[in-house]
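Chain by chain, the residues run as shown.
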Amino acid sequence: MQITADTIIRTASLYQGLTARAVDHETYRYNRTFRGCFGLAPHLAAELWNMLDDEDPLSDIRWVTYFLATLMFLRTYTVTAVLAMIFMKDEKTIRHWVWVFIEKIASLDLIRWEYRRMNDNGSRCLVTVDGTDFRIREPGPFSTGWFTKKFNGPGLRYEIAVCIQTGWIVWINGPFPCGEWVDIAISLSSLVHMFEGDERAVADKGYRGYPQFFDCPWRHLDNQQQTSRKALARARHECVNRRLKEWSCLLQRWRHSLDKHGKMAHAVANIVQLQIMDKPMWQVEYYDRVDNEFDFDY
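An unreviewed UniProt entry lists the protein chain under the name DDE Tnp4 domain-containing protein, with Seminavis robusta given as the organism.

A. Region of the structure containing the layout of surface pockets. In this structure, the largest pocket encloses a volume near 330 Å³. For the lining of the largest pocket, the secondary-structure elements that each account for two or more residues are helix H4 (42-55), helix H9 (224-244) and helix H11 (261-278). Residues belonging to the lining of the largest pocket are distributed by class as follows: four nonpolar, three polar and seven charged.

B. A look at the packing of aromatic side chains. Applying the stated criterion across every chain yields a total of 20 aromatic pairs. Here the aromatic rings of Trp-97 and Phe-101 are separated by 6.4 Å at their centres, their planes lie at 45°, and the arrangement is tilted. You can see Trp-97 and its partner Phe-101 sitting in helix H7 (residues 91-106), four residues apart, about one turn around the helix. Each member of the pair, Trp-97 together with Phe-101, is buried. Here Phe-195 and Phe-213 contribute two aromatic rings whose centre-to-centre distance is 6.5 Å and whose plane-to-plane angle is 45°, an arrangement assigned as tilted. Here Phe-195 is found in the loop between helix H8 (183-189) and strand S5 (200-202), whereas its partner Phe-213 is found in the loop between S5 and strand S6 (214-215), with 18 residues between them in sequence. Taking the relative accessible area as the measure of exposure, Phe-213 reaches 21% and is therefore partly exposed. Taken together, the ring pairs connect Trp-49, Trp-63, Tyr-66, Phe-67, Trp-97 and Phe-101 into an aromatic cluster. Its guanidinium or amino end placed over the ring of Tyr-77, Arg-255 lies 4.0 Å from that ring's centre, counting from NZ or CZ. Its end group placed over the ring of Trp-99, Lys-260 keeps NZ or CZ at 4.6 Å from the ring centre.

C. Spatial organisation of the nonpolar core. One finds Ile-8, Phe-67, Leu-74, Phe-214, Cys-249 and Val-268 to be the most contacted residues of the largest nonpolar core, which totals 85 residues. Listed in part, the six residues of the second largest apolar core include Ile-164, Val-202, Ala-233 and Tyr-286.

Rules behind the numbers
Residues numbered from 1 in each chain as written. Predicted model: local features only at pLDDT ≥ 70, side-chain atom pairs only at ≥ 80, totals over all residues. Heavy atoms only, no water. 1 Å grid on protein atoms, 1.4 Å probe; cavity = no way out; pocket = protein on both sides within 12 Å on 5 of 7 lines; lining within 4 Å. Points joined across faces, edges and corners; volume = space filled by probe spheres on them. Helix = DSSP H or I, 4+ residues; strand = E, 2+ residues; numbered from the N terminus. Nonpolar A, V, L, I, M, F, W, Y, C, P; charged D, E, K, R; others polar. Phe/Tyr/Trp six-rings, centres within 6.5 Å; stacked < 30°, edge-to-face > 60°. Buried < 20%, exposed > 50% of the residue type's maximum accessible area, 1.4 Å probe, protein only. Lys NZ or Arg CZ within 6 Å of the ring centre and 35° of its normal. Core = buried A, V, L, I, M, F, W, Y, C linked by side-chain atoms within 4.5 Å.

Right, dumping it as C-alpha cells:
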C-alpha cells in the first residue's frame, strides 16, 4: 500500500500531541520536529515506506505506527517501554514489529558497488574508503579483541566506501571486532578483490604499504593540488560517517545482542543513502590520470 508524506505527518502528529492546525500553520517548525523524532523528512519517510511496500507489500495502514516507532527507535535508541508508552502499544508487540521493520529496511538494495561508476570521469580512484567504529558493551568473557582506542573500550568496526563523484555510499562491510581487525586488514580481506584493472581507493595513512590498492597522503611526495584533492575527498567521507552517527543507535553504546548490530547498521546506512540521494552532498573535484590539466604524474 503506497502512502504519501501527508499520511506520515497525520499519523505521527497523533503521537506527538499536535493538532492538525499546528501542523498546517507551522510547517517549517513541524518538519524540524519530525526530523528530530524520526531522523528524516516526512517525504523521505513516505518514500522509504513505499520502497518497503514494493519489496514486500504492506497492506495494513496500522503498520505505519510500527514503521514510525522503528524510525524513532533508530533515531533516539530509547527503551521499548518508552516507545510502547508513546505509541500506545504493548511492549512485546512494539519490540517485535520494530525488529521486523529494521530487517526490512536493512534488506533494501540501495547500496550497490556498481554505483561507484556514476559520473565516472576516468579516474583510477573511484571511491574513498575508511573504517568507522561503534561502541558496544563489553562482551564476555573479556577479550582485548574488541578494544578500540577511539573509545578506550570495546567496539565494532565497519568498512565504508563512498563514491568520489557522487558522495553515495557504495560499500558497507562489517561488523568486525575492533581489536582484531584493523582497517587495512578488512580491506585486504574483501574490498580489494572488487577492484577492476588499475582501480584504487583514496584512503588515510592507515592504508599505507599497498600503493597498488590505495592512494594515501604522502607529505613528501604529493604536491599541493594532490594533497588538497585527497584531503577534500577524505573530509567528505568523514561527513558520511558523521551522518551515520547522527542516529543514536550507532552513537550510543549498543545494548542489544551483537548479532543484531549488523542489521541495524545496514538499515541506518540505507536510510542515510536515501537522504544523500535526495539531497546530494558537496561535490569533490577529483581526477588522477596523467595528461589532464588537473592532474600530476605520479
